[in-house]
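The primary structure of each chain is shown beneath.
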2 protein chains.
Amino acid sequence: MNGPGPLSLNTVTVKERWGLAECIEGCARHGIPGISPWRDVLQAMGVAAAARRIRDAGLTVTGLCRGGMFPAADAAGRAAALEDNRRAIAEAAEIGARCLVMVCGGLPPGSKDLAGARAMVADGLQAILPEARAAGVTLALEPLHPMTCADRSVLSTLGQALDLCEAMGDGAGVALDVYHVWWDPDLARQMRRAAGRISAFHTCDWLVPTTDTVFDRGLPGDGVIDIPAIRAMAEAAGWQGGAEVEILSRRWWSRDPDEVLPLLLERHRTAC
Amino acid sequence: MNGPGPLSLNTVTVKERWGLAECIEGCARHGIPGISPWRDVLQAMGVAAAARRIRDAGLTVTGLCRGGMFPAADAAGRAAALEDNRRAIAEAAEIGARCLVMVCGGLPPGSKDLAGARAMVADGLQAILPEARAAGVTLALEPLHPMTCADRSVLSTLGQALDLCEAMGDGAGVALDVYHVWWDPDLARQMRRAAGRISAFHTCDWLVPTTDTVFDRGLPGDGVIDIPAIRAMAEAAGWQGGAEVEILSRRWWSRDPDEVLPLLLERHRTAC
């Protein structure tokens, strides 16, 4: 097997210590060739300035995190979500991101209507698809671990994401995060089905025990996910874009990013 | 829609305060017609004595929790698991349980070989199936929420459980817990496929936020699961066995069971 290809730093990995300027400089300093900003740090710098600085640093933008969050309790809420997604598409285009990562949203507050929330997701994606196509921005649907179904994403499996992609046609892809898909008994079959649809590949690890449903991810190699096996499936499906490391972790957020980035590079080589 | 049928108390719901004797007496006192013991409280009383007292109290035994936990790091560990499952089958038969609930086990310590662990589960089930059939005990395969894949169950979806049931034939069924299956985008299709295979139906609820991956379940009605909708699917698939309430919750364990049981009865009527 070849190596995992180039590494990209998702900025959430160091969110407690570094803004976007420090991330750009840190990637250059440590030899990380890619970056994937979240919108909060992007907007804090200003999108035009950020686009220029990322370009000047020679970094590949492997994604923008994140669009989505379509379900809402009322029509005004859903319309506001669409507007925000349109701004996200424009931002992704301006920084030259490979894709806009879509975290589609959970149940509206107080709702138990999972089918209704899923319909809101499908409708929202269809509504913004023309703008995404016009801007040349791929909407990368990210299935999220089922433990986030209530509050973050009713899109829970790769199979479900690919069903949506097929309904959407051009302009839709999937963002694969090993943390969200590793447990899936249908993964091998769906990865074959994902050929030509993979727009992002995210790494981190599942710790045992896991003490928080969102903020306790591990560095690649510290958990139980067979990351090289999943990467091999992605590459068999045509993926050639390297790996973006995205660690949401209170433990790692407390550390000095100049100590964390060398670890990320090492784990990218040895555990991905 | 009719009511949810008779209620059964899974003893883990009050495990910090009551042993099996108190559970049997509590069910009688509060008018709960069914019970589902865990093996620790069953063995603490003695299986023969427990069988007699449960029978004398007129309680239906909706299940015995639990068999399973097949994957192990070496052959000796796997053999020990089989022996323990054989004892569990004998216990289930002795107390007249409708089924032995199977929590199949996670990855062996230090392993990332998910396919291998799943094969150990399938092999273990096949190994004990003759004893289960001879004893007239249905092995009720319980898919567990994917967040437990690493350390409790590599059996994560109803579809996966039904695939195993089909390979096993007579003597195999599924234990459906709404907590474990509610998020599944393939649920409606798999519930149709489950016709004739449902051996247990467990209730509780998914809280938002969920603060622990195992011990933070809610009472039915306190979370986001549309329990009546899932019950209707089970009944459409032939289920007529009522509902067993199983709450693993540090919050509820701290309460007086004589306060909790009336709440369980009320929620069984109003939220299930």
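Each remark here, short or long, concerns the structure printed above.
Reference entry: report on the structure contained in this document. (Residues numbered from 1 in each chain as written. Chains lettered and ligands numbered in written order. Predicted model: local features only at pLDDT ≥ 70, side-chain atom pairs only at ≥ 80, totals over all residues. Heavy atoms only, no water.)

Brief notes about the packing of aromatic side chains
All names here are of chain A.
Point 1. All told, the structure shown has seven aromatic pairs over all chains when counted by the stated rule.
Point 2. Cluster of aromatic residues (ring-pair linked, three or more members): Y179, W182 and W206.
Point 3. Stacked on the ring of Y179, the Lys or Arg R217 has its end atom at 4.6 Å from the ring centre. (Phe/Tyr/Trp six-rings, centres within 6.5 Å; stacked < 30°, edge-to-face > 60°. Lys NZ or Arg CZ within 6 Å of the ring centre and 35° of its normal.)

Observations regarding the interface of chain B and chain A
Point 1. Contacts between the two partners involve 29 residues from chain B and, on the opposite side, 29 residues from chain A.
Point 2. Carbon and sulfur atoms supply 68% of the area that chain B and chain A bury against each other, a total of about 2,100 Å² over both sides.
Point 3. At the surface where chain B touches chain A, the tally comes to zero salt bridges.
Point 4. Where chain B touches chain A, the interface holds two residue pairs in polar contact (both at pLDDT 80 or more). (Contact = heavy atoms within 4.5 Å. Buried area = accessible area lost by both parts, 1.4 Å probe. Salt bridge = Lys/Arg side-chain N within 4 Å of Asp/Glu carboxyl O. Polar contact = N/O pair within 3.5 Å; in protein donor to acceptor, adjacent residues only side chain to side chain.)

Side note on the pairing of strand 8 (residues 198–203) of chain A
Residues and elements named next belong to chain A.
Point 1. Taken across its six residues, strand 8 has six buried, putting it largely inside the fold.
Point 2. Across four bridges, strand 7 (residues 172–177) lies against strand 8 in parallel orientation. Counterpart to A175 in the pairing with strand 8 is A200.
Point 3. This β-α-β element, strand 8 to helix 9 (residues 227–236) to strand 9 (residues 243–245), shows right-handed connectivity. (Buried < 20%, exposed > 50% of the residue type's maximum accessible area, 1.4 Å probe, protein only. Helix = DSSP H or I, 4+ residues; strand = E, 2+ residues; numbered from the N terminus. Pairing = 2+ DSSP bridges. Right-handed = clockwise from strand over helix to strand, strands pointing away.)

Some words on the environment of S153 of chain A
Residues and elements named next belong to chain A.
Point 1. Along the chain, S153 turns up in the loop between strand 6 (138–141) and helix 6 (158–168).
Point 2. Judged by relative accessible area, which is 0%, S153 ranks as buried.
Point 3. Sequence spacing of S153 and L207 is 54 residues, and the spatial spacing of their C-alpha atoms is 21 Å.
Point 4. Sequence-distant contacts of S153, that is, excluding residues within four places in its chain, are made with C104, G105, G106, E142, L144 and T148.

Here's the deal with the pattern of salt bridges
Close approach of charged atoms lets side chains of opposite charge pair.
Point 1. Throughout the structure, instances matching the rule amount to 36 salt bridges over all chains.
Point 2. Salt-bridge contacts for D222 of chain A lead to R267 of chain A; the nearest nitrogen and oxygen are separated by 2.8 Å. In this pair, D222 of chain A is assigned in the loop between strand 8 and helix 9 and R267 of chain A in helix 11 (residues 257–271), connecting sequence segments 45 residues apart.
Point 3. On the basis of relative accessible area, D222 of chain A is assigned to the partly exposed category, the value being 37%.
Point 4. Residue R86 of chain B is joined to E131 of chain B by a salt bridge in which the shortest nitrogen-to-oxygen separation is 2.5 Å. Of the two residues, R86 of chain B sits in helix 4 (residues 75–94) while E131 of chain B sits in helix 5 (residues 114–135), which places them 45 residues apart along the sequence.

Thoughts on the relation of the copies chain B and chain A
Point 1. Superposition record for chain B on chain A: RMSD 0.0 Å, screw rotation 180 degrees, translation along axis 0.0 Å. What the superposition gives is, in effect, a two-fold axis relating one chain to the other.
Point 2. Looking at chain B, 100% of its interface residues are interface residues in chain A too, so the copies touch through the same face. (Least-squares fit on C-alpha atoms with pLDDT ≥ 70 in both.)

Description of the sheet that holds strand 1 (residues 7–10) of chain A
Residue and element names in this part refer to chain A.
Point 1. Spatial strand order, 3-2-1-9-8-7-6-5-4: nine strands in an open sheet with parallel pairing. Two strands bound the open sheet, and with one partner strand each, they are strand 3 (60–61) and strand 4 (64–68).
Point 2. Here strand 1 runs beside strand 2 (residues 34–36); their pairing, made up of three bridges, is parallel. Directly across from S8, in strand 2, lies its bridge partner G34.
Point 3. In the packing of helix 1 (residues 20–30) onto the sheet, contacts are made with strand 1 and strand 2, and the angle to strand 2 comes to roughly 160 degrees.
Point 4. Packing against the sheet, helix 6 makes contact with strand 6 and strand 7, and its axis sits at approximately 165 degrees to strand 7. (Axes fitted to C-alpha atoms, helices over the stretch in contact; angles between N-to-C directions.)

Purely spatial values, then, with no claim about function.
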